[in-house]
Amino acid sequence: MLNSPYPTSPEKNQSVLYSSFSERPRHLDPAKSYSSNEYVFIGQIYEPPFQYHFLKRPYELEPLTATQMPEIIYLDKSEKVLAKDAAADSIAFSDYIIEIKPQIKFQPHPALARNDQGQYLYHELTPAELTKIVHLGDFAQTGTRELVAADYVHQIKRLVHPEISSPIAELMKQYIVGLGDYGVTLKNKPRSSLKDSAISGVEVLDKYRYKIRIKGKYPQFIYWLAMPFFAPMPWEADAFYSQQALIDKNITLDWQPLGTGAYMLEENNPNLRMVMLKNPNYHAAFYPEYGELGDKEQGLLNDAGKRLPFIDKAVYKLEKETIPYWNKFLQGYYDASGVASDSFDQAVQFTGDGELGLTQAMQDKGIQLQTTVTSSIYYMGFNMLDSVVGGDNERARKLRRAISIAIDYEEYISIFMNGRGVTAQGVIPPEIFGFTSGEKGINPYIYDWDGRQARRKPITAAMQLMLQAGYANGIDIKTGEALILYLDTAASGPDERARLNWYRKQFTKLGIQLVIRATDYNRFQQKMLNGNAQIFMWGWNADYPDPENFFFLLYGANSKVLHGGENAVNYQNNEFDRLFKQMSNMENGPERLAITHRMQEIIRNDAPWVFGFHPKSVSLYYSWYHNLKPNLMANNKLKYQRIEPEQRNVLRQQWNQPVLWPIVLVILLVILLVLPAVRSFQHRARETIK
């Protein structure tokens, strides 16, 4: 096709996914990466021992490279084995014993290439060998080998190497026995030393089994074992990529991954495109044979039992501007798309019951709509160390509640998010254990139940709270002066100014003057660390589907000012902290559910946050794109998805027929304009000859 953005190639009828990215990935090393835009790639390349079931909800872990879920053994201080139902306070250690499947192989890679004598070809490169090496693909030979337990242990060691600076290193030192001490021994040592040194709490039991010993009982540790941080890394990768000559050429593990996953990175050009190919060494893996109610009717089990992956190649192009990206999607050159604000009305409309639906134009093209509430929360935080909005006293508590009522997040979602969000009633998002819907799940301090849904309390209720707090109509009864509060932010730009003006108007409802203190991000971060921010906006995306991953944002020991943790509001409540420690060590069940409800009540009462909203993701995809189901926890979804390239090619041709008549018309006009001049020239030439 003349207007295709892709070069002419044999891809036309191949199983190729066409997608895009807007932000350059910074890290592709699984020990470093902690960003969703990077997980799009490394989630397909690296394989931790466990994964989330693609279809089942609530989210459920299952083996990936492991043969089964881990065997967990509890021990007391003397390392005596305890019963499975032992009290949490009697458990000094938990041993996770993991067995992996045999015959899993790494993708082809130069780091694993060996000669006939078994010697590695490229671990000690000479200057002469390097002269012809510019890209990883310039190496003439590649190799592979079987995945073994030692590869998982090697990756755990990498988490604390000073050259790598893993973002979870400090957290894991708190749990994995010996990891902190091991990190100290690595000071000034190269990565090649990892192979020959050991961690006291991490042990290779045999070729396919390894053990991780953690301190106490921490049931959430299993979720970390489903993240790329705990994917295997062969020692050969560090030996190969540690060569300074390769680092100088920007050939690094952070740029060129090496894994066992369904895909491998063929092209890494973040200024243009990223390309992944199906791993020719990928082990046997199959599409799920069961899911949840309704999956079969939606066609999500049509591929049940078939071998994965289905897609041979995935091409991701850099798209910084939303309009060109959207136009290419409408032409069928991208298989799926999000919906930006400037194209929202063209794609989506609200149905009679307030739900999102597709416009007729989208339906006519066979486009389908998928929406889901994300496992995230955006909130406004009050610095609990502040003398005005903070503190454990009724005056400050009622002020915080009044502000919570006044900030109309229903309006915010409508104006700034095109309705793509639901207001938060507490700390826990939907789909996470402990979330309660309906009347029982509302925040009674901020909302009333009208028989069908939650309704924000009227502004008169907020004004009454202001009166009780000693700020009638926004005037401080003690000083007689207007109450002035400060919102600290790193937001900037025209769109952000509109949002900040909206927040200012919300406070004006209560007679409060809101002063915006905008700074650059580094300065804002410093204010947060020092406790100099009074009010701020913040957010959190779930690392794993457990209430602990949200409640820890308010646990006293995680105070940002006092301990450098993720408790950005520096909240501390003795009962909440006690329940948090109790809840963290429990398996899901009625008792744990009751504790989460009590913790929700404490937070709602104290109101250290203005509970904002849970964003709603909206995506569009064509009828030729199959097996798409929202899974907010899984990082390796690509292997389950399927493309019908023949149908796509036919529709692309129908939608993108070149319009040639304007060109023909221009040519005719040029001829008509030029013809008189030509005739005049010929006439003058004949006159000259005469």
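Quick caveat, the model's predicted, so the values are computed rather than measured.

Chemist: Please provide a residue-by-residue account of the overall build of the protein chain, values included.
Modeler: Regarding its fold elements, the protein chain presents 22 helices and 24 strands. Projecting the C-alpha coordinates of the protein chain onto the three principal axes gives extents of approximately 110 × 75 × 50 Å. A buried classification covers 52% of the 690 residues belonging to the protein chain. Look at the contacts in the protein chain between residues 6 or more apart in sequence, and 71% of them connect residues 24 or more apart. Looking at the protein chain as shown, the accessible area adds up to about 32,100 Å², and 52% of this sits on carbon and sulfur atoms. Across the protein chain, the 75 positively charged side chains and the 75 negatively charged ones have centroids separated by 4 Å.

Chemist: Can you break down the layout of surface pockets residue by residue, with the values?
Modeler: Over the atoms a probe the size of a water molecule is rolled, and this reveals where empty space is left. The computed volume of the second largest pocket comes to approximately 1,200 Å³. Lining the second largest pocket are 37 residues, with Gly 421, Val 422, Thr 423, Gln 453 and Ala 454 positioned closest to its centre. Going through the elements one at a time, strand 14 (368-373), helix 13 (409-416), strand 16 (421-423), strand 17 (447-449), strand 18 (454-456), helix 20 (590-606) and strand 22 (609-621) are the ones with two or more residues in the lining of the second largest pocket. Split by residue class, the lining of the second largest pocket holds 11 nonpolar, 17 polar and 9 charged.

Chemist: Please give an account of the packing of helix 12 (residues 394-406) against helix 14 (residues 459-468) that cites residues and values.
Modeler: Where helix 12 meets helix 14, the axes come as close as 8 Å, and the angle between the chain directions of the two elements is 160 degrees. On the basis of their axis angle, the class for helix 12 and helix 14 is roughly antiparallel. Between helix 12 and helix 14 lies a crossing whose hand is left-handed. Facing helix 12, whose interface residues are Lys 398, Leu 399, Arg 401, Ala 402, Ile 405 and Ala 406, helix 14 presents Ile 459, Ala 461, Ala 462, Leu 465, Met 466 and Gln 468. Of the residues contributing to the contact of helix 12 with helix 14, the split by class is 9 nonpolar, 1 polar and 2 charged.

Chemist: Talk me through the side chain of Ser 337; I want residue IDs and the actual numbers.
Modeler: Checked against the element boundaries, Ser 337 lands in strand 11 (residues 336-338). Within the structure, Ser 337 has its side chain in polar contact with the side chain of Tyr 325 (distance 3.3 Å). Sequence-distant contacts of Ser 337, defined by excluding residues within four places in its chain, comprise Tyr 325, Trp 326, Phe 329, Val 618, Ser 619 and Leu 620.

Chemist: Break down a nonpolar patch on the surface for me, citing the residues and quoting the values.
Modeler: Where nonpolar side chains cluster on the molecular surface, the patch consists of Ile 663, Val 664, Ile 667, Leu 668, Ile 671 and Leu 675 and spans about 510 Å² of accessible area. If you trace the backbone, Ile 667 turns up in helix 22 (residues 661-689).

Chemist: Can you explain the sheet that holds strand 4 (residues 71-75)? Please cite residues and give values.
Modeler: Across the sheet, which stays open at both edges, the 4 strands sit in the order 4-5-7-6 with antiparallel pairing between neighbours. The sheet is open, and its two edges are formed by strand 4 and strand 6 (202-206), each paired on a single side. Strand-to-strand twist in this sheet, taken as the mean axis angle between neighbours without regard to direction, amounts to 25 degrees. Pairing geometry for strand 6 and strand 7 (residues 209-215), over 4 bridges, is antiparallel. Bridge pairing links Glu 203 to Lys 211 in strand 7. Packed onto the sheet, helix 3 (residues 149-158) meets strand 6 and strand 7 and runs at close to 175 degrees relative to strand 6.

Chemist: Give me empty space enclosed by the protein: which residues, what numbers.
Modeler: Following the criterion strictly, the structure yields 3 cavities of 30 Å³ or more and no others. Computed from the structure, the largest cavity encloses a volume of approximately 150 Å³. As for the largest cavity, its lining consists of 19 residues, of which Gly 43, Pro 48, Leu 64, Asn 635 and Asn 636 are closest to the centre. Looking at the lining of the largest cavity, the elements with two or more residues in it are helix 1 (36-45) and strand 2 (50-52).

Calculation rules
- Residues numbered from 1 in each chain as written.
- Predicted model: local features only at pLDDT ≥ 70, side-chain atom pairs only at ≥ 80, totals over all residues.
- Heavy atoms only, no water.
- Helix = DSSP H or I, 4+ residues; strand = E, 2+ residues; numbered from the N terminus.
- Buried < 20%, exposed > 50% of the residue type's maximum accessible area, 1.4 Å probe, protein only.
- Contact = heavy atoms within 4.5 Å.
- Areas by Shrake-Rupley, 256 points an atom, 1.4 Å probe, with all protein chains shown as cover.
- Lys, Arg positive; Asp, Glu negative; His and termini not counted.
- Charge placed at Lys NZ, Arg CZ, Asp CG, Glu CD.
- 1 Å grid on protein atoms, 1.4 Å probe; cavity = no way out; pocket = protein on both sides within 12 Å on 5 of 7 lines; lining within 4 Å.
- Points joined across faces, edges and corners; volume = space filled by probe spheres on them.
- Nonpolar A, V, L, I, M, F, W, Y, C, P; charged D, E, K, R; others polar.
- Axes fitted to C-alpha atoms, helices over the stretch in contact; angles between N-to-C directions.
- Parallel < 35°, antiparallel > 145°, perpendicular 65-115°, else oblique.
- Left-handed = near helix turned anticlockwise from the far one by under 90°.
- Polar contact = N/O pair within 3.5 Å; in protein donor to acceptor, adjacent residues only side chain to side chain.
- Patch = residues over 30% accessible without salt bridge, like charges linked within 9 Å, V, L, I, M, F, W, Y side chains within 5 Å.
- Salt bridge = Lys/Arg side-chain N within 4 Å of Asp/Glu carboxyl O.
- Pairing = 2+ DSSP bridges.

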